[in-house]
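Below, each chain spelled out in residue letters.
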Amino acid sequence: MTLEIISQNHCFGGTQFIYAHDSRETKTKMRFAAFSPPQAATRKCPVVIYLSGLTCTEENVTHKAGAQRICAELGLIFIAPDTSPRGEGVPDDAEKAYDFGLGAGFYVDAAIEPWAENYRMRSYVERELPEIIGEYLPADMGRVSITGHSMGGHGALTIALRNPEMFKSVSAFSPIVSPINCPWGQKALAGYLGNDQETWREYDACALLEDGNPLPLCLVDQGSADNFLESQLKTHLFESALLMSGQSAEVRYQEGYDHSYYFIATFMEDHLRFHAKYLAV
């Protein structure tokens, strides 16, 4: 496999890269952003993977969240993949809806046509992307954490719950905690997986907790002024599932903050320092 450099920029003493490669999982060209801190010039560094939300690409967090400064200080490699496969022939929602199809992969492996061939973001993030990071970047793959926003928060929580041995910690900004119980999730899971809701449970953080999956050390931030909180995000369901499972996480409601990247930029440093503590930085 060839890892193509789309762009590279000197940033806080390190380098911000955008890479592209041919993916075996999605059968498309995939892009991801990678910030390599100055410490990576002399040693392997721990990794934080960030999963973006609906409509986003790898560029949103790269340009808006301000992660590079603190990653340069702490010596963290910061990885941000795209949210879905793209390209000629990749199916999309017929009505070009923002919450299904391109830009809305929901970090699942689709099981029904026409989505099954390309929409394999679960396997891409769980298997292929870590292999590429470990092979081509100065990364210590024994020290990896994961985070994400909204749809990406759903992805981070579910991937960590299914693979607790892979991650030292997990965090999320305004995550979709129970797709089974919200319109975004019901549309996506039915569309990609079919109508058997038992198959949806492995993509629902609350269901995974209820089914006994262990949660790595976890931080969740949710804005109190988020207009999706009651209808789509339903953070209280995650808190209830934690109680039912006997597990714990730090869940914080941030007064006055909404769903935007202003919220993410405000608390990104908190999340990176949270992960750095458990990555033994």
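Definitions and cut-offs
Residues numbered from 1 in each chain as written. Predicted model: local features only at pLDDT ≥ 70, side-chain atom pairs only at ≥ 80, totals over all residues. Heavy atoms only, no water. Salt bridge = Lys/Arg side-chain N within 4 Å of Asp/Glu carboxyl O. Helix = DSSP H or I, 4+ residues; strand = E, 2+ residues; numbered from the N terminus. Buried < 20%, exposed > 50% of the residue type's maximum accessible area, 1.4 Å probe, protein only. Core = buried A, V, L, I, M, F, W, Y, C linked by side-chain atoms within 4.5 Å. Contact = heavy atoms within 4.5 Å. Axes fitted to C-alpha atoms, helices over the stretch in contact; angles between N-to-C directions. Parallel < 35°, antiparallel > 145°, perpendicular 65-115°, else oblique. Left-handed = near helix turned anticlockwise from the far one by under 90°. Pairing = 2+ DSSP bridges.

**Examining the pattern of salt bridges**
Counted under the stated rule, the structure contains 22 salt bridges. As a salt-bridge pair, Arg162 and Glu126 come within 2.8 Å of each other at their nearest N and O atoms. Of this pair, Arg162 sits in helix 4 (residues 151-162) while Glu126 is found in helix 3 (residues 121-136), placing the two residues 36 residues apart along the sequence. Residue Arg201 pairs with Asp211 through a salt bridge whose shortest N-O separation is 2.9 Å. Linking Arg201 in the loop between helix 5 (183-193) and helix 6 (205-210) with Asp211 in the loop between helix 6 and strand 8 (217-223), this pair joins segments that are ten residues apart in sequence. Overall, Arg201 belongs to the partly exposed group, its relative accessible area being 22%. What emerges from the salt-bridge pattern is a single network uniting Arg24, Glu25, Asp109, Arg120, Arg127 and Glu131.

**Digging into the nonpolar core**
If you look at the biggest cluster of nonpolar residues, it comprises 67 residues, and the most contacted ones within it are Phe32, Ile79, Phe106, Leu137, Ile146, Tyr192 and Phe238. Beyond its immediate sequence surroundings of up to four residues, Phe238 is in contact with Leu157, Val177, Ala205, Cys206, Leu209, Leu215, Cys218, Val220, Ala249 and Val251.

**Points about the packing of helix 2 (residues 67-74) against helix 9 (residues 261-278)**
The description of two helices packed together rests on the angle between their axes and the distance between the axes. Where helix 2 meets helix 9, the closest approach of the two axes is 9 Å, and the angle between their N-to-C directions is 25°. Taken together, the axes of helix 2 and helix 9 lie roughly parallel to each other. The crossing of helix 2 and helix 9 is right-handed. Contacts between helix 2 and helix 9 pair Ala67, Arg69, Ile70, Cys71, Glu73 and Leu74 from the former with Met268, Glu269, Leu272, Arg273 and Ala276 from the latter.

**Overview of the pairing of strand 3 (residues 29-36)**
The buried fraction of strand 3 is high, at six of eight residues. With eight bridges joining them, strand 2 (residues 14-22) and strand 3 adopt antiparallel strand pairing. If you follow Gln16 over to strand 3, its bridge partner there is Phe35. Between strand 2 and strand 3, which pair antiparallel one after the other, the connecting turn spans six residues, and Lys27 there sits at a positive phi close to 60°. Where strand 3 and strand 5 (residues 77-81) come together, four bridges link them in antiparallel fashion.

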